[in-house]
Amino acid sequence: MICFRDGSLPLPDVSSTSLEVALSNRSFDGIQVLQNMEQCYPVPRNMTMKLTNEQISARVLYFGLFNGVGPTRTQSKMIVRNRAYSFTANISVEGCTTSTMQGQYCNQTIELLSCARSGNSSGNGSVSAFFNQSMVLCRNNFETSCHGDGEMKIYSLEILRITESLTISVQNLRLRPLDSIGNSSRIYLMCFARYGAMPLATLHDYSGDLNQSPLVIRFPKVGQWYISILALHLAKEIGGALSNVSKVCYSLEVQELECPLGKAGPNCSSERYMLQTVLRKYSTPFESYYLPDGGDVISDALNFHLEPLLSNYSVGGLDTWTYFLLDVPRGAAGGNLHVRLMSDRKMNYEIYARNGGLPSLINWDYYYVNKTSSSGDSVFFVLYNSSDEKVDFYILYVKEGIWNIALRHLNSTGDISDGQTTMSISLERCPKRCSYHGACISALDTSGLTLYSFCACDRNHGGFDCSIEIVSHQGHIWQSIALIASNAAAVFPAFWALRQKAFAEWVVYTVSGISSGLYHACDVGTWCVLSFGVLQFMDFWLSFMAVVSTFIYLTTIDEVFKRAIHTAVAILTALMAITKATSSSNIILVMGIGAFGLLLGWLIEFSTNYRSLSCSMGLCLNRLERWPSREWLQNLVNTVMKRFRWGFVLAGFIALAMAAISWNLESSQSYWIWHSVWHVAIYSSSFFFLCSKVITINSGNRTPTDANYQLTQQDSLSQGA
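Predicted, not measured: the structure shown is a model, and the values here were computed from it.

Caption draft 1: Summary view of the overall build of the protein. Counting its regular elements, the protein contains 13 helices and 35 strands. Within the protein, the proportion of its 721 residues that are buried is 47%. Accessible surface for the protein amounts to roughly 36,300 Å². Of this, 58% is attributable to carbon and sulfur atoms.

As structure tokens, then:
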């Protein structure tokens, strides 16, 4: 899955809604991604995507690749053998040489508006009739701007402070040529405004006809704004008839209204607090609390009392607003903003949060009204254990910059001093400390500029915060018993090897079963006698050795050669276990090594017995000349048939097939049962193969006492003599 997000890191599987959309949408469209940045999409084999500054904002764009979705994505898996995907990405950023030329082909002229502070507004000549507001007035560089029918002109300005409103209007609207007498009321002077990106007629944040009324933007965000003016249906009325004109001219004026320090909202009557950052001790970077400067702080919990900070009710007003501003620094976009309110009575607050600008009833990023009305459908808003007396929610992977959290206190007959409410705002690495069911892991993104955190859950839980129980406590007990107790099947091949005095094989089978049981006991969280890495290495290495030892046992070569083969195999399998232990290809490789060891043992046995024949070179050549190949092949088949008990061989292959099937059927959900079957099947197959070997007793001159166990060469040469 590939996930995009503007301004902060993506998260694929917080809500079930995002998963359903992601899994059902099999197509990839760049425009669609940009219109819904909180969604994920399946990754095709090849993907090319081109985004222009008319489509994306001039901010940080994050994208992440995730192999798998759902709550088990963060669950601790005992063995991960899912498919691994490799990818290459080539990202290039192209920009225009000058800031005054923008657009997809850098052919669109951008005119920067010149701004100046005009002091406190008196209400005369201003769009606002309220006092105590300061105004920033921005105009175009020329007295007038002129352009023809269907021609678009783009302006830009930067808002530096929290602003109450942004008003865009035109003055001195007239037609050209100047000596013509015409009526401009039929002209549509469309205005399109957009935050952070180029506005289009089909893609913008706000729009309006400036020839009819000014365009007012309430609580605009801090940052770069782009304004485009499009003139349509230019005409002048002469003697009751319409006639086309060449251009329309106007003066553009933009007003920014700001409240005094510490004030915000309508009429600048609400309180606004800039919260101070208090870093947490002994914590990861960027973990911090936000507290009001000089407020009544509860030191032991780093909460603050809310009632002394609330705005006074306006006369005749139904509610009042109180604003809290806080700064999320650069690099902290991988953190989570935690907001919590607790009261000793039923709370009468609504909470609205917005990045970059003041929130309102119609303009917010996240909100909470009550348990049934909130931003619960958002991927990055998570509500925990809220009630009438408590509000607790997280904004996941919060965007960098200024955040505004507004409390709307609904007016009621009671006095706010009747109860006591505490508020806590903090920036945390992992939500709910991974619900105490996992570890919070911190890492840097590939650019090295953003620190993000995620939960690595334990075996029983999953989800982004480890709050989803995947395996119940009783189910965990049964899984632990099955995975640990199934290694008792190693007793069968170990007992047979000890009975036949094959002490090397007995040690391998015994220690393999013990190490596998200890490894799974540690992996399911029961008990770790050693570190997890050491136990995993021992389990896989000794399992590989047990498989190869079974093949080598089927030969009848001297112990000297067996020790040499075991040493070489131990080195190879140790390298395999320490590098890619969980790779499925290791099973095929180990089987190949075992088969090669068996073949090598037979070759050594053949050459040793062939050299033991005492004959001269000439006699041997004469005998070989009279040695019929068909008779030699028949004797070889008879020897092989008499060397094994084929009922046990068949049982061994059946058990081996069961092991292969169980290995293939393993998944995250059914791992415990199929891997337990794997333990029983693989040890049972070794036991059957050990039992299939016909045991013979050799004399000092290595001549077998059992005639049925003679080598083919011995039988043939004896008959030839």
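There is more to say after this.
Caption draft 2: Main features of the side chain of Ser426. Inspection of the secondary structure assignment puts Ser426 in strand 31 (residues 421-428). One polar contact links Ser426 to Glu428, side chain to side chain, over a distance of 3.1 Å. Setting aside residues no more than four positions away along its own chain, Ser426 makes contact with Arg280, Ser288, Tyr289, Tyr290, Asn336, Leu337 and His338.

Caption draft 3: Up close: helix 11 (residues 646-665). If you check helix 11, its first and last C-alpha atoms are 29 Å apart, about what 20 residues at 1.5 Å a residue would give, namely 28 Å. For helix 11, the complete set of buried residues consists of Val649, Gly652, Ala655, Ala659, Ser662 and Trp663. Projected down its long axis, helix 11 shows its buried positions confined to an angular sector of 145°, all on one face. What points out from helix 11, more than 90 degrees from its buried face, is the exposed set Gly647, Leu650, Ile661 and Asn664.

Caption draft 4: Looking closely at the pairing of strand 3 (residues 61-65). Residues Tyr62 and Gly64 of strand 3 are buried on one face, while the alternating residues Leu61, Phe63 and Leu65, pointing to the opposite face, are not. Examined bridge by bridge, strand 1 (residues 2-6) and strand 3 share five bridges and lie antiparallel to one another. Note that in strand 3 the partner of Ile2 across the bridge is Leu65.

Caption draft 5: Here's a closer look at the pairing of strand 5 (residues 108-112). Pairing analysis gives two bridges linking strand 4 (residues 101-102) to strand 5, with the strands arranged antiparallel. Paired with Met101 across the two strands is Thr109, which belongs to strand 5. In textbook terms, the turn of a hairpin is the stretch between consecutive antiparallel strands, and for strand 4 and strand 5 this stretch comprises five residues, one of which, Gly103, has a positive phi near 100°. Relative to strand 9 (residues 152-159), strand 5 is paired through three bridges, and the arrangement is parallel. Looking across to strand 9, one finds that Leu112 is bridged to Ser156.

Caption draft 6: Highlighting unusual backbone geometry. The phi angle at Cys434 is positive, at roughly 60°, despite the residue not being glycine. Position of Cys434 relative to the elements: it lies in the loop between strand 31 and strand 32 (438-444). Phi is positive for Cys466, which is not a glycine, with a value near 60°. Among the structural elements, Cys466 can be located in the loop between strand 34 (461-462) and strand 35 (468-469). Taking relative accessible area as the criterion, Cys466 reaches 0% and is therefore assigned buried.

Caption draft 7: Quick look at a nonpolar patch on the surface. Taken together, the side chains of Leu498, Phe503, Trp506, Val507 and Val511 make up a nonpolar region of the molecular surface, amounting to roughly 410 Å² of accessible area. When residues of the nonpolar patch are assigned to their parent elements, the largest contribution, four residues, is made by helix 5 (residues 503-523). Structurally, the position occupied by Leu498 is in helix 4 (residues 491-499). Judged by its relative accessible area of 37%, Leu498 falls in the partly exposed class.

Caption draft 8: Quick peek at the state of the cysteines. This model, assessed by the stated rule, comprises seven disulfides. Paired through a disulfide, Cys146 and Cys249 show a sulfur-sulfur distance of 2.0 Å. In this structure the cystine formed by Cys146 and Cys249 twists about its S-S bond by roughly 115°; its chirality is therefore right-handed. One end of the pair, Cys146, is in strand 8 (residues 145-147); the other, Cys249, is in strand 17 (residues 247-258), with 103 residues separating them in the sequence.

Caption draft 9: Local environment of the UniProt feature "domain: EGF-like" (unreviewed entry) in the protein. Here, the residues flagged by UniProt with the feature "domain: EGF-like" (unreviewed entry) are residues 455-466. This span, residues 455-466, is 0% helix and 42% strand, and a straight line between its end C-alpha atoms measures 7 Å.

Caption draft 10: Representation of the packing of helix 3 (residues 473-485) against helix 12 (residues 671-691). It is the contact of helix 3 with helix 12, at a shortest axis distance of 8 Å, that shows an interaxial angle of 20°. Between helix 3 and helix 12, the angle falls in the class roughly parallel. The two elements helix 3 and helix 12 cross, and the hand of that crossing is left-handed. On helix 12, the residues touching Trp478, Gln479, Ala482 and Leu483 of helix 3 are Tyr671, Trp672, His675, Ser676 and His679. Looking at the contact of helix 3 with helix 12, its residues break down into five nonpolar, four polar and no charged.

Caption draft 11: The arrangement of the sheet that holds strand 12 (residues 206-209) in detail. What the six strands build is an open sheet, ordered 4-5-9-14-11-12; its pairing is mixed. This sheet does not close on itself; its edge strands, each paired only once, are strand 4 and strand 12. Bridging between strand 9 and strand 14 (residues 223-232) involves eight bridges; their strand directions are antiparallel. By the bridge assignment for strand 14, Glu158 is matched with Gln224.

Caption draft 12: Structural context of the packing of aromatic side chains. A full pass over the atoms with the stated rule returns 23 aromatic pairs. Here the aromatic rings of Tyr273 and Phe324 are separated by 5.7 Å at their centres, their planes lie at 20°, and the arrangement is stacked. Here Phe324 lies in strand 23 (residues 319-328) and Tyr273 lies in strand 19 (residues 270-279), a separation of 51 residues in the sequence. Judged by relative accessible area, which is 0%, Phe324 ranks as buried. When the ring of Phe492 is compared with that of Phe687, the centres are 6.0 Å apart and the planes differ by 55°; the resulting orientation is tilted. With Phe492 in helix 4 and Phe687 in helix 12, this residue pair connects regions lying 195 residues apart in the sequence.

Caption draft 13: The arrangement of the UniProt feature "transmembrane region" (unreviewed entry) in the protein in detail. Taken from the UniProt record, the annotation "transmembrane region" (unreviewed entry) applies to residues 540-557, 564-581, 587-604, 646-665 and 671-692. Helix makes up 78% of residues 540-557 and strand 0%, whereas the separation of the span's terminal C-alpha atoms amounts to 27 Å. Regarding residues 646-665, the helix share stands at 100% and the strand share at 0%, and the terminal C-alpha atoms are separated by 29 Å.

Caption draft 14: Broad picture of the nonpolar core. In this structure, Leu306, Phe324, Leu326, Leu341, Ile405 and Met423 are the most contacted members of the largest nonpolar core, which totals 44 residues. Counting residues in each nonpolar core, the second largest holds 34 residues, with Ala494, Ala502, Ile552 and Leu598 among its members.

Caption draft 15: Here's a closer look at the sheet that holds strand 1. Strand order in the open sheet formed by three strands is 2-1-3, and the pairing between neighbours is antiparallel. Edge positions in the sheet fall to strand 2 (40-41) and strand 3, since each has one partner strand and no second.

Caption draft 16: The arrangement of the packing of helix 5 against helix 12 in detail. Contact geometry for helix 5 and helix 12: axes closest at 13 Å, N-to-C directions at 175°. On the basis of their axis angle, the class for helix 5 and helix 12 is roughly antiparallel. Across the interface between the two elements, Tyr509, Ser512, Gly513, Ser516 and His520 from helix 5 touch Tyr671, His675, His679, Tyr683, Ser686 and Leu690 from helix 12. The residue inventory of the contact of helix 5 with helix 12, partitioned by class, reads four nonpolar, seven polar and no charged.

Caption draft 17: Broad picture of the confidence of the model for the protein. In the predicted model, the protein carries a mean pLDDT of 78, and the fraction of residues at 70 or more is 77%. Low confidence marks residues 699-721, where pLDDT is under 50. Its contacts with residues over four positions away, or in another chain, come to 41 contacts.

Calculation rules
Residues numbered from 1 in each chain as written. Predicted model: local features only at pLDDT ≥ 70, side-chain atom pairs only at ≥ 80, totals over all residues. Heavy atoms only, no water. Helix = DSSP H or I, 4+ residues; strand = E, 2+ residues; numbered from the N terminus. Buried < 20%, exposed > 50% of the residue type's maximum accessible area, 1.4 Å probe, protein only. Areas by Shrake-Rupley, 256 points an atom, 1.4 Å probe, with all protein chains shown as cover. Polar contact = N/O pair within 3.5 Å; in protein donor to acceptor, adjacent residues only side chain to side chain. Contact = heavy atoms within 4.5 Å. Expected span 1.5 Å × (residues − 1). Arc of directions from axis to C-beta. Pairing = 2+ DSSP bridges. Patch = residues over 30% accessible without salt bridge, like charges linked within 9 Å, V, L, I, M, F, W, Y side chains within 5 Å. Salt bridge = Lys/Arg side-chain N within 4 Å of Asp/Glu carboxyl O. Disulfide = S-S within 2.5 Å. UniProt positions renumbered as here; feature names shortened; annotations may be inferred. Axes fitted to C-alpha atoms, helices over the stretch in contact; angles between N-to-C directions. Parallel < 35°, antiparallel > 145°, perpendicular 65-115°, else oblique. Left-handed = near helix turned anticlockwise from the far one by under 90°. Nonpolar A, V, L, I, M, F, W, Y, C, P; charged D, E, K, R; others polar. Phe/Tyr/Trp six-rings, centres within 6.5 Å; stacked < 30°, edge-to-face > 60°. Core = buried A, V, L, I, M, F, W, Y, C linked by side-chain atoms within 4.5 Å. pLDDT = per-residue confidence, 0-100.

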